[in-house]
Amino acid sequence: EVVLEIVDHLRDVDPTFRYKWDLYRLLFARASTDINSSDFDGFDKDKGRSGFQTLRDETVKSNGERLIADFLFLNGINYEYERPYEHDVSDINHSQYRPDFYYPEFDIWHEHWALDSYGKPPSAPGYRDYQRSMEWKIETHGKFKTHLVQSTWASVVFSDGLAKLQRELEEFGLKFNWDPDREIPNKWARPMDHQELARLIRTFMAHTKSNSLTQVDVAQKLRKSKRTDSFHGFRSNLFLDIYWPIYDAWNHRLSEQKAVDFEDMLLSAADILDKELVDLDYDLVLVDEFQDSSQARARMVLGLLKKSDRFLLAVGDDWQSINRFAGADISVMRTFENWYGQTLTLALTKTFRCPHAIAHVSSKFVKKNPDQIRKNMLALKPSSQKTICVRLEPGDVLDSILEEIVADSPGESASVLILGRYNHLRTNVKHRKFESLDINFRTIHSSKGLEADYIIVL
């Protein structure tokens, strides 16, 4: 609530902050980072293809096109998607040409090229002759002297391509009217709301404060990142442009009220122990759930061990580190000996929570992350034949999956736990009714430790 109060004030007094806040929230917060992404969430029945839903309630082919379509919609720009070209150019090698966008009031066509930072198209088979197709389209506009505006995936996702597109269209006479509160026709569209972004800001604040990171430190980390020349650099900078004013206002309020927040308490405690201003005189320190330690907490534990003949027992599982939102830093566990010196490690590698097939597949998946500690998990439960099933199909297939579950065990009752990334997905499943099934929905983050006969991960 305090973050939202600060944001409301900053949006009122600073138009630039207001614009960046809404630009990040509505467009960039959930935009894809992968030009090869096929994480479709829509289906165009007329054209018979999967795609990406826009705020205006249409389905476009790519993430980049969705970013542009939503940007145009929020600016009140009238456009037509894939309108047939005004000249019949179909021949033995080409179907009728349909440019990506058309601006009818000013007779302007717009092609959005699927090109990455190196000028290369996606790796999918459908893009093998992409360069040749681009050349033909550009030549076609030159032949008929039609106005063509161009953008690339790399420019709108990695850089200021949207601003460049706006400037170019304004030169033709289009009037942009940014309205973040515009009514959204697509009832299923879920851009990030103010509360969610405020929680993200508070999460990031927990990280920066717990790890004593200044604005200079964060900037240096961003420059050193391998991804600073990409979308992550642009989006990160946009995020930081709204974060630091909030951070400064947050700390100003604390100072005015002579108060501290939770991270300040941890840091103060760590400083007191580090300077040996107090001795709590513990012989043995036990830390449970050690994978969720922040650097501030790690420093505090280290302070408790300042004097000789003191011992630390830490219990944790880096594979279950789910509290990054609270400032947890998995590197503390991964570099345990760097923090606390020579140690003895006892591995607990048997799981009682799932059958062998799930343990095997999930272990292989987790170990794809090089930052995880390597371990081989064993399950005490045997596996059934159909332990894991992956369905890659367009549209809503949940009903058909539930029908299969009923068919697998006719006349028997079964519990079904449906897991989703976001809580709003609950509305997609709550109307499902099967007499023999006890169906429940949870977000993935709220489901730890639960069991069911069938688990469906959306």
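Anything mentioned here points back to the structure above.
Keep in mind it's a predicted model, so treat the numbers as computed, not measured.

Colleague: Which residues make up the overall build of the protein chain, and what values go with them?
Modeller: The number of helices and strands found in the protein chain is 16 helices and 14 strands. Each principal axis of the C-alpha distribution contributes one length, and for the protein chain these read about 85 × 65 × 40 Å. Scored against the burial criterion, the 458 residues of the protein chain give a buried share of 39%. The long-range fraction of contacts in the protein chain, counting pairs at least 24 apart against all pairs at least 6 apart in sequence, stands at 70%. Averaging the locations of the 61 positively and 71 negatively charged side chains of the protein chain gives two centres separated by 3 Å.

Colleague: So what's going on with the sheet that holds strand 1 (residues 42–44)? Which residues, and what values?
Modeller: The strand order across the open sheet formed by three strands is 1-2-3, and the pairing between neighbours is antiparallel. Each edge of the open sheet carries a strand with a single partner, namely strand 1 and strand 3 (59–60). The pairing of strand 2 (residues 49–53) with strand 3 spans two bridges and is classified as antiparallel. In the strand pairing of strand 3, Phe52 is matched with Val60.

Colleague: Before we move on, can you summarise the nonpolar core with the specific residues and values?
Modeller: Taken as a class, soluble globular proteins show a tendency for nonpolar side chains to be buried jointly. In terms of nonpolar packing, the biggest core is built from 61 residues, with Leu27, Leu72, Tyr103, Leu169 and Ile246 touching the most fellow members. Looking at which element gives the most residues to this core, the answer is helix 9 (residues 231–257), with ten residues. Setting aside chain neighbours within four positions, we find Leu27 in contact with Asp22, Leu67, Asp70, Phe71, Leu74, Leu162 and Trp178.

Reading guide: rules and limits
- Residues numbered from 1 in each chain as written.
- Predicted model: local features only at pLDDT ≥ 70, side-chain atom pairs only at ≥ 80, totals over all residues.
- Heavy atoms only, no water.
- Helix = DSSP H or I, 4+ residues; strand = E, 2+ residues; numbered from the N terminus.
- Buried < 20%, exposed > 50% of the residue type's maximum accessible area, 1.4 Å probe, protein only.
- Contact = heavy atoms within 4.5 Å.
- Lys, Arg positive; Asp, Glu negative; His and termini not counted.
- Charge placed at Lys NZ, Arg CZ, Asp CG, Glu CD.
- Pairing = 2+ DSSP bridges.
- Core = buried A, V, L, I, M, F, W, Y, C linked by side-chain atoms within 4.5 Å.

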